[in-house]
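Chain by chain, the residues run as shown.
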Amino acid sequence: MTDTTHFTRPEPETDEIKPPVTQVGVIGWIKANLFNTWYNSVLTLAVLFALWQLAPPLVEWAFLDSRWYTDSEACRTTDGACWSIIPNNIRFILFGFYPPSEQWRPLLAVILLVALLFISRNRRFWRKPLAYAWMGGLVVMGILMRGGILGLDPVESSQWGGLPLTLMLSVFGLTAAYPLGVVLALGRQSRMPAIKSLCVIYIELIRGVPLISLLFMSAVIFPLFLPEGITINKILRAQVAIILFTAAYVAEVVRGGLQAIPKGQYEAADSLGLNYFQTMRLIILPQALKIVIPPTVSVLISAFKDTSLVVIIALYDILKTTQSTLSNPKWMGYSTEAYLFLAVVYFICCFFMSTFSRKLERELAT
Amino acid sequence: MRQEQTIPEEPGGRPPSQNTAADSPETDTAFWQDPDKRAVIFQVAALAVVLLVGYYLFSNTLANLERQNIATGFDFMDKEASFEVGESLIPYSAADTYARALLVGVLNTLKVSFIGIILTVVIGTLVGIARLSTNWLLSKMAGGYIEVLQDIPVLLQLFFWYAIFYDVFPSPRQALHPITGVFVSNRGLVFAVPESHPVHTAMGIAFLVACAAVYFLRRWARKRQMKTGRIFPVFRVSLIVLIGFPLAVWLLGGAPAKMNIPELRGFNFRGGINVSPEFAALLMGLVLYTSAFVAEIVRAGIQSVSKGQTEAALTLGLRPAMVLNLVILPQALRVIIPPLTSQMLNLTKNSSLAVAIGFPDFVSVANTTINQTGQAIEGIALIMAVYLFFSLLTSAFMNWYNQKARLVER
């Protein structure tokens, strides 16, 4: 050491001691998360073994040996998956019996709907224009689907099917069921015994029976309710059944929110001189509905999944169109592939909704 | 399919009286401004509207039924059903009455619900615990299981499993044979069972006796613990009693170990127990779907007990098993049981989807009845009544449990 280095720190005698390799980095992570105790090690090894047994044949079936854009003949020559069933029948699966030359119309309607949903994700747009956009959008969608004006060929609702039908049943079902559910929940909390018991009976009755019985009712009994000569089309009847069913569940969720509002809020509203409707609209509902966003979204997700039940009353939603594809002798036997495709479609939609619910929950946290 | 939220009714949440100003008799208010009178008018109006609409629909229905010559009433129940039912727990033939066919349906619904609920709770609990595991791989896989199975409609899952049976599995001649005594083919699942022997009945009785013994043992142990503070190892002793009693009877009866092993005869298997593809697919779909929800419930329930509780219990010197038994579980179960009961009810209601894959559950039999007799109103009313009965029974249980498990606060 010389004098010039007088003011600098002396060189360390040894190298800087790094943490042991087994504590940091990839190895450390593996040790901490997979092999931290003896039974965790056993579990990890067991899971890895199971994956090693299952994954290769699955990958082989789904990707290596599979056929993607061939005809059905080519599929018979392989042991792998025949994904060709999807591209070959995609128009029927998505649009059902809608006239092929007019299928751009439901496609456009679906794109419009998805675009509206996408814009609505962002809370910055939750203003009046968005409401007008929705109203306008729904009218345009109705015109696109139905036709008959503006030079569009009319298409009977009995020819509607596939994805547009599934989405329509869900979107209209949810938008109509939500306000009805809120009204029912308020009715159940009401101090008027007659109103209260009507709402309780309705909610408990509907929640006690499976949706399928309501759909049967809409298909078989509902026509008997109407005077002679009046008929309502099948899709609308199923739609009404879905709305009535979902509303009861929404009502129970909203009731949970209403009960969570402290009494002081009602008293404060009273002392301000607000009447019942003002109290509810300005004080209670904004708070109550916010608390119950997560359970509401799970009710809505359920309702979306439940629209698939219309298969049982022979409406051609996306599940039914897929099934009819499978009854075509050319494509018989590839149901696994077709149902997996459909599962992915449903999964994406539901996953989108549940992520949105989590996002909304975070944004609204006060 | 549905997530039910069951919230106990609380009078505290109801809006308090708003008619403070109008209460005094001296104030001279018009009747439409008096909340009490207005309430009466509202209610009368609401009831009148409901009754009128009901009457209108009823009269329309009667007129329609008369015009279409459809009989009314439940007379059809005593007539001959003249259709076969695929599987049945009680003897049934096409010559029996509709009432008996419907009973077969109810029993099938109960069978699938009962087995389904047990499997669901077991699998759901395991997955829920796995989700909370410190093992990253296991936790992520449980998360994937929950997320994927929750987001696919149960009806699609039923179709999928049913399709696996009739499209993927081979015919009985080439049946898959994963473990000894189990055969899987497109005719369903066949597995070996012990050859029936009189000792089995005795073993069943021994098991019931053991259950009763355990019940009294628990009561006695609890009483003693309350009195003296000494803890009796109830769990271990109960386990020994429950397994030991039937085992002892089996050994005393000469330990009959002959198995009834299925054998391929002609086009199908003989012997063993045969599970039809419809039943297997229905059970699989329902159990996998519902267990994903149950797993979430179990996870939330365990997480709801704060870590401080465990630490406090350990500080008091309780052993880990006692911490779980005396501190964690009682608190977690209070959170878990109500939504769990709703899920069980959901499973029962979803079993009605059996109609879509041809398992003869109650809805399916009732549907056939409706098609044959044309009496849709009675048929659907029956469906609703049966399910309503199940769900009211469940809510009665829930209310009882909530009452019992309610936190007693100062």
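Residues numbered from 1 in each chain as written. Chains lettered and ligands numbered in written order. Predicted model: local features only at pLDDT ≥ 70, side-chain atom pairs only at ≥ 80, totals over all residues. Heavy atoms only, no water.

J.: Give a detailed account of the interface of chain B and chain A, specifying residues and quantitative values.
T.: Interfaces are often sized by the amount of accessible area the parts lose when they come together. In this assembly, 69 residues from chain B lie in contact with 80 residues from chain A. For the pair chain B and chain A, the two sides together bury roughly 6,700 Å², of which 65% comes from carbon and sulfur. Our count for the contact surface shared by chain B and chain A stands at zero salt bridges. Inspection of the chain B/chain A interface yields eleven residue pairs in polar contact (both at pLDDT 80 or more). Of all elements in the fold, only helix H1 (35-67), helix H3 (136-150), helix H4 (154-168), helix H7 (277-304), helix H10 (354-357), helix H11 (362-373) and helix H12 (376-405) of chain B reach the threshold of two or more residues within the side of chain B that touches chain A. Ranked by residues supplied to the side of chain B that touches chain A, first place goes to H1 of chain B with 13 residues. (Contact = heavy atoms within 4.5 Å. Buried area = accessible area lost by both parts, 1.4 Å probe. Salt bridge = Lys/Arg side-chain N within 4 Å of Asp/Glu carboxyl O. Polar contact = N/O pair within 3.5 Å; in protein donor to acceptor, adjacent residues only side chain to side chain. Helix = DSSP H or I, 4+ residues; strand = E, 2+ residues; numbered from the N terminus.)

J.: Got a sec to walk through the packing of aromatic side chains? Specific residues and values, please.
T.: One pass over the structure, following the stated rule, counts 24 aromatic pairs over all chains. Centre to centre, the rings of Phe222 of chain A and Phe225 of chain A are 6.1 Å apart; their planes meet at 75°, and the pair counts as edge-to-face. Separated by three residues within a single helix, Phe222 of chain A and Phe225 of chain A lie in helix H9 (residues 211-225), roughly one turn from each other. Since its relative accessible area comes to 18%, Phe225 of chain A is described here as buried. Pairing Phe160 of chain B with Trp161 of chain B gives two aromatic rings, centres 5.1 Å apart and planes at 80°, and the pair type is edge-to-face. Accessibility expressed as a relative area gives 16% for Phe160 of chain B, which makes it buried. An aromatic cluster is present here, built from Phe92, Phe97 and Tyr316 of chain A joined pairwise through their rings. The ring of Tyr249 of chain A carries Arg207 of chain A above its face, with NZ or CZ at 5.6 Å from the centroid. For the cation-ring pair, Lys320 of chain A lies above Tyr316 of chain A, with the distance from its terminal atom to the ring centre recorded as 5.9 Å. (Phe/Tyr/Trp six-rings, centres within 6.5 Å; stacked < 30°, edge-to-face > 60°. Buried < 20%, exposed > 50% of the residue type's maximum accessible area, 1.4 Å probe, protein only. Lys NZ or Arg CZ within 6 Å of the ring centre and 35° of its normal.)

J.: Mind laying out the side chain of Thr246 of chain A, listing which residues take part and the relevant values?
T.: All names here are of chain A. If you trace the backbone, Thr246 turns up in helix H10 (residues 234-260). Since its relative accessible area comes to 0%, Thr246 is described here as buried. A polar contact is formed between the side chain of Thr246 and the backbone oxygen of Ile242, at a distance of 2.7 Å.

J.: Can you explain helix H14 (residues 318-326) of chain A? Please cite residues and give values.
T.: Summarising burial for H14 of chain A: seven of the nine residues are buried, a large majority. For H14 of chain A, the full list of buried residues reads Ile318, Leu319, Lys320, Thr321, Thr322, Thr325 and Leu326 of chain A. Among the structural elements, helix H4 (85-95), helix H7 (163-188) and helix H15 (335-364) of chain A together with H4 of chain B are those in contact with the buried residues of H14 of chain A.

J.: Provide a residue-level description of the pairing of strand S1 (residues 182-185) of chain B, including the pertinent values.
T.: Residue and element names in this part refer to chain B. Taking every second residue as pointing to the same face, both faces of S1 are buried, with Val182 and Val184 on one and Phe183 and Ser185 on the other. Bridge count for S1 against strand S2 (residues 188-191) is four bridges, and the pairing is antiparallel. For Val182, the partnering residue across the bridge sits in S2 and is Phe191. Between S1 and S2, which follow one another and run antiparallel, lie two residues. (Pairing = 2+ DSSP bridges.)

J.: How would you sum up the pattern of salt bridges? Please name residues and give values.
T.: Working definition: two side chains of opposite charge can pair if their charged atoms are close together. Following the criterion strictly, the structure yields six salt bridges over all chains and no others. One salt bridge in this structure joins Glu204 of chain A and Arg188 of chain A, with 3.2 Å as the shortest N-O distance. Remark: Arg188 of chain A occurs in helix H7 and Glu204 of chain A occurs in helix H8 (residues 193-208); sequence separation between them is 16 residues. A relative accessible area of 5% places Arg188 of chain A in the buried class. The partner of Arg299 of chain B in a salt bridge is Glu296 of chain B, with the nearest N and O atoms 3.1 Å apart. Within this pair, Arg299 of chain B and its partner Glu296 of chain B are both found in helix H7, separated by three residues, close to a single helical turn.

J.: Can you tell me about the domain arrangement of chain B, naming the residues and giving the values?
T.: Assigned domains within chain B: domain 1 (24-67) and domain 2 (98-195 + 258-405). The gap between the C-alpha centroids of domain 1 of chain B and domain 2 of chain B is 45 Å. (Domains from an automatic or database assignment.)

J.: Hey, could you go over the sheet that holds S2 of chain B for me, with residue numbers and the actual values?
T.: All names here are of chain B. Within the open sheet, the three strands sit side by side as S1-S2-S7. Their pairing is antiparallel. The sheet is open, and its two borders are formed by S1 and strand S7 (273-275), each paired with just one other strand. Each adjacent strand pair in this sheet contributes to an overall mean axis angle of 15°, direction not counted. (Axes fitted to C-alpha atoms, helices over the stretch in contact; angles between N-to-C directions.)

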